[in-house]
2 protein chains.
Amino acid sequence: MSSAKKKQPAAARPSPTMADLAKLAGVSKITVSRALADSPLVSPDTRERIQALARKQGYKLNVSARNLRLRRSHTVAVIVEMQPSSSRTMWDPYPLSLLGGISQELTSAGYSVLLTTRQGAADAAVQAADGVILLGQGEREDAVRLYDKMGLPMVVWGARGDRDNHIVVGSDNRQGGISVAERFLSIGRRHPVFIGNSEHPEMAQRLHGFVDELAGQGIKPLLLQRVDWTLDSGADAVRSLAARKVRFDAIFACSDLLAMGAIRALVELGLSVPNDVSVVGYDDTPLGASFLPPLSSVRQNWQEGGVLLARKVLALIQGQAVSSQMLPTSLIVRAT
Amino acid sequence: MSSAKKKQPAAARPSPTMADLAKLAGVSKITVSRALADSPLVSPDTRERIQALARKQGYKLNVSARNLRLRRSHTVAVIVEMQPSSSRTMWDPYPLSLLGGISQELTSAGYSVLLTTRQGAADAAVQAADGVILLGQGEREDAVRLYDKMGLPMVVWGARGDRDNHIVVGSDNRQGGISVAERFLSIGRRHPVFIGNSEHPEMAQRLHGFVDELAGQGIKPLLLQRVDWTLDSGADAVRSLAARKVRFDAIFACSDLLAMGAIRALVELGLSVPNDVSVVGYDDTPLGASFLPPLSSVRQNWQEGGVLLARKVLALIQGQAVSSQMLPTSLIVRAT
DNA sequence: CGATATCAAGTTATCGATATCATTTCTTCA
DNA sequence: TGAAGAAATGATATCGATAACTTGATATCG
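Let us look at the structure shown here. (Residues numbered from 1 in each chain as written. Chains lettered and ligands numbered in written order. Predicted model: local features only at pLDDT ≥ 70, side-chain atom pairs only at ≥ 80, totals over all residues. Heavy atoms only, no water.)

1. Comments concerning the overall build of chain A
Quick reminder of the rule: Note on conventions: DSSP H or I runs of at least 4 residues are helices, E runs of at least 2 residues are strands, and numbering of each starts at the N terminus. A simple rule labels every residue: compare its accessible area, found with a 1.4 Å probe on the protein chains alone, to the largest value its type can have, and call it buried under 20%, exposed over 50%, or partly exposed in between. In what follows, residue pairs with any heavy atoms lying within 4.5 Å of each other are defined as contacts. The Shrake-Rupley method, run with a 1.4 Å probe sphere, supplies the accessible areas, and residue values consider only the shown protein chains as cover.
The secondary structure content of chain A amounts to 14 helices and 12 strands. By the burial criterion, 50% of the 336 residues in chain A qualify as buried. Pairs at least 24 residues apart make up 70% of the contacts formed inside chain A by residues separated by at least 6 positions. Per element, the accessible surface of chain A, about 15800 Å² overall, is 51% carbon and sulfur.

Following this line, the structure appears as structure tokens:
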């Protein structure tokens, strides 16, 4: 092997390897490895010398090589489920807040975040991860199972189904519903309405909490099914109430948009908020807060949820026992 | 769950390697490799046989090993710049739309997305990527340079600075400003106001387009500096105008929130929108669209922007020549 | 003073996949 | 019939980092 390498003089220097550093420093590869890992097995002397050399030479660790040797990737896959055609999910601010928390926690633990939005596509890449975080609408059990059988440590965001055998982190939707019911009762409302989609697991739990709490006072709320969570949908809901000449004095809407739409319709109908009708939304979005009148809403702390998701996967990866957890919500009372 | 791990029986079967498959099939490793890669170098016979075997055995490619051998990671790092303390960026819907487009395009090209939100932290991981996409507020030149000198193919989202020597994809902010000016001129407005932050590169370009177009008709708009892009900030801006008894008949606000705030203040002041004052926002958010009155706004197609970002990095990675590109915007005229 | 720790560093093997260069078998045509 | 060529498969080396074991030198102790 004479000059098989080095086709040209200084042709492209693609960053040195540990072997290169070793040659330069007159030591063996393993010593370089140890020095860069701050191992106590090398003298402080050489450690410092080699680290300086590495800096000067612009050494970059080859992650693939390390991952191969250590049989782990130091990577967590985050899968954002999306409805195929509608990009609705992507517009919601909350997955992004979750992502923020996740990313923050994982990177500070030395892990990287592998983002996947498409269902089956990146399978190979996902399998290379040490763990999985699944962010979805909580609607697709099949998706959960699909990733489940990859056998990786996995944590799911959403509502906790009773028979689920995987770890779930989510907002305590039931408690959210309860707190709204308590509020309505405390201000003497007797004819509450619920606007939302009871097919949706998270919303269903809000509904259950709401209904159960009210049942304690012998009150049974009216349920208005709404599939869309838009402003218009909320307005329509209220108009339909008026058309049916239903008596109501409080509205619990499952999203701030629904709530704002409801308020708009109420105003159109000449009703006063909150004098005639109390309205509470969900998510405590910045927009709801600066709506006129400022919207009361149930707040979930997504950033924190993301952090928690990340911590749980990391714990799972380290083989620790982990349990599902619901994050508390808080009712922010504003003008409505 | 009794034996959580099953250490005993078949001593953990962590998915077979190519060598395992080779032994089972009675061929050599390389033949397995070729068969799984659909190489024409193996007979259709054995190819089919080996692929079936792989499926049955649940074979999973070891990405690290392949990356090591091929000296590439098939990964693109997406860096979302965030202001340290404020999580404002993360609340904006637009980076997520970009992410959606990016993710979609990259995964369908067989690449994975490595998400990073923190500045220097994940350096090692980022360096392992084949390319970088930088999503920022466009405010931090230093950050760009930092990643620039990693020497990776890089594409930046934002406004194109003239002296920039890196590839930029962004919305054509200048054209956005021009289209608003044209609109105002066409409906006979003579005293326009601009609300936004001229320190911000993207907004500055909107301003320039706006100003230049108006200058053609000898009109010079009033500039209202606003650092925050909130609803309140927009309202304050209009109130300050009124306090100074300035004459104005049109407002170009650099975000929908600013615009909505402005409209609210106008209504408070007893002014009619759009009779007394025309208002145009920016971003065409769903909220602006269902605002009362529905907001006119400049729309940018972020999904597409993400796709374009992804395509450009991929092209760079493949060594092709690539140029910066601005995406057209469109003025959506609604009630205001 | 000989035996055993202690310390710093080196050797070798390995993670799993693939490029390069053989090797074997079978065609095909002069 | 034999040589050249194609087709299918294999042997080996390699990517870069690190674990497990070894070596040599110095220090410590009964």
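Once you've had a look at it, read on.
2. With respect to unusual backbone geometry
Residue and element names in this part refer to chain A. A cis amide bond, omega 5°, links Val273 with the succeeding residue Pro274. The residue Pro274 is located in the loop between helix H12 (256-268) and strand S9 (278-282) in this model. Although it is not a glycine, His74 sits at a positive phi angle of roughly 55°. On the secondary structure map, His74 appears in the loop between helix H4 (63-70) and strand S1 (75-80).

3. Notes on the relation of the copies chain B and chain A
One chain copy maps onto the other through a rotation about an axis and a shift parallel to that axis. Convention followed: Copies are brought into register by a least-squares superposition over C-alpha atoms of residues with pLDDT of at least 70 in both.
Take chain B, turn it by 180°, move it 0.1 Å along the axis, and it overlays chain A with an RMSD of 0.1 Å. The superposition operator between the copies reduces to a two-fold rotation axis. With an isologous cut-off of 70% or more, the 100% of interface residues of chain B that recur at the interface of chain A puts this contact in the isologous class.

4. Points about the interface of chain B and chain A
Formally: Each of two parts loses accessible area, computed with a 1.4 Å probe, when they are put together; buried area is these two losses added. Salt bridge, as used here, is a side-chain nitrogen of Lys or Arg placed within 4 Å of a carboxyl oxygen of Asp or Glu. Polar contact is defined as a pair of N or O atoms within 3.5 Å, subject to the rule that within protein one atom must be able to donate a hydrogen and the other to accept it, and that residues adjacent in sequence are counted only when both atoms are side-chain atoms. Here the term charged refers only to Asp, Glu, Lys and Arg, the term nonpolar to Ala, Val, Leu, Ile, Met, Phe, Trp, Tyr, Cys and Pro, and the term polar to all other amino acids, Gly among them. If DSSP finds at least two bridges between two strands, the strands pair.
In this complex, chain B contributes 40 residues to the contact, which on the side of chain A involves 42 residues. Summing both partners gives a buried area of about 3900 Å² for chain B against chain A, and 69% of it is carried by carbon and sulfur. Taken together, the connections running from chain B to chain A amount to 0 salt bridges. Here chain B and chain A share 2 residue pairs in polar contact (both at pLDDT 80 or more) between them. Mapped by element, the contributors of at least two residues to the side of chain B that touches chain A are helix H4 (63-70), helix H5 (88-91), helix H6 (93-108), strand S2 (112-116), helix H7 (123-127) and helix H12 (256-268) of chain B. When residues in the side of chain B that touches chain A are grouped by element, the largest group, 9 residues, is from H6(B). Partitioned by chemical class, the residues of the side of chain B that touches chain A number 22 nonpolar, 14 polar and 4 charged. Bridge count between strand S2 (residues 112-116) of chain A and S2(B): 3 bridges; the pairing is antiparallel. Its bridge partner being in S2(B), A:Val113 is matched across the sheet by B:Leu115.

Interpretation note: all reported values are geometric properties and have no functional meaning in isolation.
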